[in-house]
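# Per-entry structural report
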Amino acid sequence: MMDGRLEGRVALVTGSSRGIGATIARLFAAEGARVVVHGRDAARVEEVRQSIGALGVLADLTDFDQVESMRTAIETEVGPVDVLVANAGGSLTPPALLEDIPIDGWKKTVDANLTATFLTLRSFLPGMKKAGRGDIVTISSNAGRRPHPRSPIPYAAAKAGVQLITQDVALQAGPFGVRANGIAPETIPTDENKTLITADVQARLVEAHAVRRLGTPEDVARTALFLADREQSGWMTGVVLDLHGGTQI
Ligand SMILES: NC(=O)c1ccc[n+]([C@@H]2O[C@H](COP(=O)([O-])OP(=O)(O)OC[C@H]3O[C@@H](n4cnc5c(N)ncnc54)[C@H](OP(=O)(O)O)[C@@H]3O)[C@@H](O)[C@H]2O)c1
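## A few points about the environment of Ile24
By the secondary structure assignment, Ile24 is in helix α1 (residues 19–30). For the pair Ile24 and Trp235, spaced 211 residues apart in sequence, the C-alpha separation works out to 22 Å. Residues in contact with Ile24, not counting those within four places in the same chain, are Val13, Ser16, Val85, Asn87, Val220, Ala221 and Ala224.

Written out as C-alpha cells, the structure reads:
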C-alpha cells in the first residue's frame, strides 16, 4: 500500500489484461482501490487479477450487451464503479495512404477505440450521475492530436473522437458530480510494443523527445492516478493531457 489515494473506491480499468492498463490497475490497487481487471483474454485477466487480488471480468467492449453484463457482474460482486479508466483500444490497421486503408481495418479500429469508449461510458455514466460521484479517465493518443505519417488514420481519427467524447461528458455530467478527463500519450514501449518497434526506430524516437527518453506505462499510470484522485485534480474536468515528453514530430 502506498498513500491510499484511492481508498474505498471501486475502479474499473478496461483493457487491463496487459500493457498500460495492467500497470494502471496495479498502481490503483496499490493506492487502495478495489480494482476490476478487464480484458477478453481470460488467462491474462486472471494473471493480473491474481497479482492484485481484484475482480476479473471479460467483455468485448464493441458489443453493448457484453458491456452491460460486465457492469451488472461488477455491481453484484464489488459494487458500483466510481473510478473508470477507459483504456482498452489499439490500432488494428497499419499506417497507409487513405485510399489504401482497408475498409474493414477502418471499422475495426474505430470500433475498438471510439465505439468501445462510447459504449463503456454509455453503460457506466448513468449510475455515476445517479450516485452523484464519478471520476472518468479516457486514454486517447497523441496520434489523435495531429496527422502524422506514422499514425494510422483510422486510429488517429478514433482517438480524436475519444478526446471529444471525454470533453462532452465532462460538460454533461459535471453538474451531477462526475468528472471526465483524458490522457493523450505518445508511443509507450510496452512489452508488446518493444517487440514491434525496432531498436533503431526507438532510438530515433528518443531524439524527437525534449526529455530524451520515451514514456513508460508507469508515466501513464501516475497521470491516470492524478486524474482519478479528487484531492489532486478535483477542479479539473474536460481536460485531455498531452503526455509526450516534449515530442516534436
Ligand atoms: N502503447 C502505446 O504506444 C500507446 C500510445 C498512446 C495511446 N495508447 C493507448 O493506450 C491504451 C493501451 O495501450 P496498450 O499499448 O497498453 O495496449 P495493448 O497492450 O494492446 O492492450 C490493449 C488492451 O485493450 C483490450 N482490448 C482491445 N480491444 C478490446 C475490445 N474490443 N474489447 C475489450 N478489450 C479490448 C485488450 O484486451 P485483451 O488483450 O484481453 O483482448 C488489452 O487488455 C490503448 O487505448 C492505446 O490505444 C497506447
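After presenting the structure, the write-up continues.
## Quick word on the pairing of strand β6 (residues 178–185)
Counting buried positions along β6 yields eight of eight residues, so the element is predominantly enclosed. Where burial is concerned, the two faces of β6 agree: the one with Val178, Ala180, Gly182 and Ala184 and the one with Arg179, Asn181, Ile183 and Pro185 are both buried. Bridge analysis of strand β5 (residues 134–139) against β6 gives six bridges, and the strand direction is parallel. Note that in β6 the partner of Ile136 across the bridge is Ala180. A crossover links β5 with its parallel partner β6, the connecting element being helix α5 (residues 153–173), and its sense is right-handed. Inspection of the sheet shows β6 paired to strand β7 (residues 240–243) by four bridges, in the parallel sense. By the bridge assignment for β7, Ile183 is matched with Leu241.

## Quick word on the sheet that holds β6
Read from one edge of the open sheet, seven strands run β3-β2-β1-β4-β5-β6-β7, paired in parallel fashion. A strand with exactly one partner marks an edge of an open sheet, and here the two such strands are β3 (55–58) and β7. On average, each strand axis in the sheet is tilted by 20° relative to the strand beside it, whichever way the strands run. With four bridges connecting them, strand β2 (residues 34–39) and β3 associate as parallel partners. Within β3, the position partnered with His38 by the bridge is Val57. Packing against the sheet, α5 makes contact with β5, β6 and β7, and its axis sits at approximately 160° to β6.

## Describing helix α4 (residues 103–131)
Across its 29 residues, α4 extends 41 Å between first and last C-alpha, which sits within 8% of the 42 Å expected from 1.5 Å per residue. The sharpest bend along α4 measures roughly 40° and falls at Asp111. Trailing α4 by a residue or two, Gly132 shows a phi angle of about 75°, which is positive.

## Points about the site of the ligand
In the vicinity of the ligand lie 27 residues, with Gly15, Gly19, Gly39, Arg40 and Gly89 positioned nearest. When contributions to the shell around the ligand are tallied by element, the ones reaching two or more residues are α1, α4 and α6 (191–196). Of the residues forming the shell around the ligand, the biggest block, three residues, is contributed by α1. Grouping the constituent residues of the shell around the ligand by class yields eight nonpolar, 13 polar and six charged.

Analysis parameters
- Throughout, a residue's number is its position along its own chain's written sequence, starting from 1.
- Only residues with pLDDT of 70 or above have their local features reported here, since the model is predicted, and side-chain atom pairs are shown and tallied only from 80 upward, although totals for entire chains, interfaces and linings are computed over all residues.
- Think of it this way: any DSSP run of H or I at least four residues long counts as a helix, any run of E at least two long counts as a strand, and we number them from the N terminus.
- Each residue gets a C-beta atom placed from its backbone, and two residues are in contact if those atoms lie within 7 Å.
- Backbone-placed C-beta atoms define the burial measure: a residue is buried with 20 or more other C-beta atoms within 10 Å of its own, exposed with 12 or fewer, and partly exposed in between.
- When DSSP finds at least two bridges between two strands, those strands are taken to pair.
- If the strands point away from the viewer and the path from the first strand over the helix to the second runs clockwise, then the crossover is right-handed.
- Helix axes are fitted to C-alpha atoms over the stretch in contact, other axes to C-alpha atoms as well, and angles between N-to-C directions run from 0 to 180 degrees.
- A helix is expected to reach a length of 1.5 Å times the quantity of its residues less one.
- Here the bend at a residue means the angle between the axes of two seven-residue stretches, the one that ends at it and the one that starts at it.
- Placing a C-beta atom from the backbone of each residue, we mark the residue near a molecule or strand if the atom is within 6 Å of it.
- Residues are grouped as follows: Ala, Val, Leu, Ile, Met, Phe, Trp, Tyr, Cys and Pro are nonpolar; Asp, Glu, Lys and Arg are charged; all remaining types, including Gly, are polar.

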